[in-house]
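Per-entry structural report
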Amino acid sequence: YRGLLARGQTLTPRQCYYYARELYYNSLYEEAVEHFRAFLDGGQGWVEDNIAACCLLAVCLEALKRPDAVRDVLLESFRYAPPRVEACCRLGGYYAGIGDYRQALGWYETALSLPSSQILGFHQEAYCGYVPAIEACVCCCKLGDFSRALQYNQQAESHRPGDRSVAHNFEYIKSQLALQPATE
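Scope of this entry: the structure provided in the associated data block. (Residues numbered from 1 in each chain as written. Predicted model: local features only at pLDDT ≥ 70, side-chain atom pairs only at ≥ 80, totals over all residues. Heavy atoms only, no water.)

A word on the overall build of the chain
Applied cut-off: Numbering of helices and strands runs from the N terminus; a helix is a DSSP stretch of H or I covering at least four residues, while a strand is a stretch of E covering at least two. Each residue's exposure class comes from its accessible area (1.4 Å probe, protein chains only) as a fraction of the maximum for that residue type: buried when under 20%, exposed when over 50%, partly exposed otherwise. In what follows, residue pairs with any heavy atoms lying within 4.5 Å of each other are defined as contacts. A 1.4 Å probe and the Shrake-Rupley method give the accessible areas. Residues count as covered only by the protein chains that appear here. Counted charges follow a simple rule, with Lys and Arg positive, Asp and Glu negative, and His plus the chain ends left uncounted. Where a charge lies is defined by one atom per residue type, namely NZ (Lys), CZ (Arg), CG (Asp) and CD (Glu).
For the chain, the count of helices and strands is ten helices and zero strands. Each helix (α) and strand (β) of the chain, taken in turn from the N terminus, gives the series α-α-α-α-α-α-α-α-α-α. Projected onto its principal axes, the C-alpha coordinates of the chain cover approximately 75 × 30 × 30 Å. By the burial criterion, 41% of the 184 residues in the chain qualify as buried. Sequence separation of at least 24 residues holds for 52% of the intrachain contacts in the chain that already meet a minimum separation of 6. As displayed, the chain has an accessible area near 10,000 Å², and 51% of this comes from carbon and sulfur atoms. Looking at charge distribution, the chain has the averaged site of its 17 positive side-chain charges lying 3 Å from that of its 21 negative ones.

Considering the side chain of N153
Note the cut-off: The definition of a polar contact used here is a pair of N or O atoms within 3.5 Å, where within protein one atom must be able to donate a hydrogen and the other to accept one, and adjacent residues in sequence count solely through side-chain atom pairs.
Mapped onto the elements, N153 comes out in helix α9 (residues 146–159). Note on N153: relative accessible area 0%, which makes it buried. A polar atom in the side chain of N153 sits 3.1 Å from the side chain of N169. What N153 contacts, discounting residues up to four positions off in sequence, is I134, C137, V166, N169, F170 and I173.

Here's the deal with unusual backbone geometry
Even without being glycine, S27 reaches a positive phi, approximately 60 degrees. By the secondary structure assignment, S27 is in the loop between α2 (13–25) and α3 (29–42). For S27, a relative accessible area of 45% puts it in the partly exposed group. In this structure, K65 is a non-glycine residue whose phi angle is positive, near 60 degrees. Note that K65 resides in the loop between α4 (47–63) and α5 (67–76).

Some points on the packing of α3 against α4
The criterion, for reference: All axes here are fitted lines through C-alpha atoms, helices being fitted over the stretch that makes contact, and every angle between N-to-C directions spans 0 to 180 degrees. When an angle is under 35 degrees it counts as roughly parallel; over 145 it counts as roughly antiparallel; between 65 and 115 it counts as roughly perpendicular; any other value is oblique. For any helix crossing, the convention is left-handed if the near helix is rotated counterclockwise from the far helix by under a right angle, and right-handed if that rotation is clockwise. Throughout, the ten residues Ala, Val, Leu, Ile, Met, Phe, Trp, Tyr, Cys and Pro are labelled nonpolar, Asp, Glu, Lys and Arg are labelled charged, and all others, Gly among them, are labelled polar.
Packing of α3 against α4 brings their axes to within 9 Å, and their N-to-C directions diverge by 150 degrees. The angle between α3 and α4 falls in the class roughly antiparallel. Here the hand of the crossing between α3 and α4 comes out left-handed. Each of Y29, A32, V33, F36, R37, F39 and L40 in α3 lies in contact with α4, whose residues at this interface are D49, N50, A53, C54, L56, L57, C60, L61 and A63. Grouping the constituent residues of the contact of α3 with α4 by class yields 13 nonpolar, one polar and two charged.

So, the packing of aromatic side chains
Stated formally: Ring pairs are drawn from Phe, Tyr and Trp, using the six-membered ring of Trp, whenever the two centres fall within 6.5 Å, and their geometry is named by plane angle: stacked under 30 degrees, edge-to-face over 60, tilted for the rest.
By the definition in use, this model includes eight aromatic pairs. Chaining the aromatic ring pairs together yields one cluster made of Y17, Y18, F36 and F39.

Digging into the environment of L150
Structurally, L150 is set in helix α9. Each C-alpha atom of the pair L150 and W46 lies 39 Å from the other, and the pair is 104 residues apart in sequence.

Concerning α5
The line we're drawing: The arc under discussion is defined with respect to the helix axis, by the directions toward the C-beta atoms.
Taken residue by residue, α5 has V70, V73, L74 and E76 as its buried positions. Around the axis of α5, the buried residues are gathered within 155 degrees of arc, so they sit on the same side. Elements that come into contact with the buried residues of α5 comprise α3, α4 and α6 (85–97).

With respect to the nonpolar core
Heads up, the condition is: As used here, the term nonpolar core means buried Ala, Val, Leu, Ile, Met, Phe, Trp, Tyr and Cys residues forming a set that is joined through side-chain atoms within 4.5 Å.
Counting 57 residues, the largest nonpolar core has Y24, F36, L40, L57 and L74 as the members making the most contacts within it. With eleven residues, α4 is the single largest residue contributor to this core. Excluding anything up to four places from it in sequence, F36 contacts Y17, A20, R21, Y24, A53, L56, L57 and C60.

This is the structure:
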């Protein structure tokens, strides 16, 4: 792709998208941002590629420490189609990162409510159950709602039986529930 650009050729939308992905995978985030943005602004991409580009662009922006831009590009993904699990999980991560656990929990719950069958492009299977459940568990713990945290942790376990993070959460939640006064 660099050779094409050096010769003054314009990349097709698909080439621009794949070049941006290569830049991302090689941790060349500034350049990746430029090409993901060009791809999205061109308005010629397949819906699934547009959504994936928004999510990968968000990762680049996060690495470049531009949190508000991360939120904005994830919300931009909703212009192309109804919310997708990965964008919702990443929005949950954004809000958890700024300490707004109620807002984060809402995004993780939204992700859990979405059918994974809607995803037609490349995707990470973990976003279709495990990630939103384990992260919702963490949010509930931060909010002091350990009964709900336990439910989300059990949901995460159904996606990854024997997972160490789930086991750790069970121990932590159990210890916190033991500290709570008994209700009559």
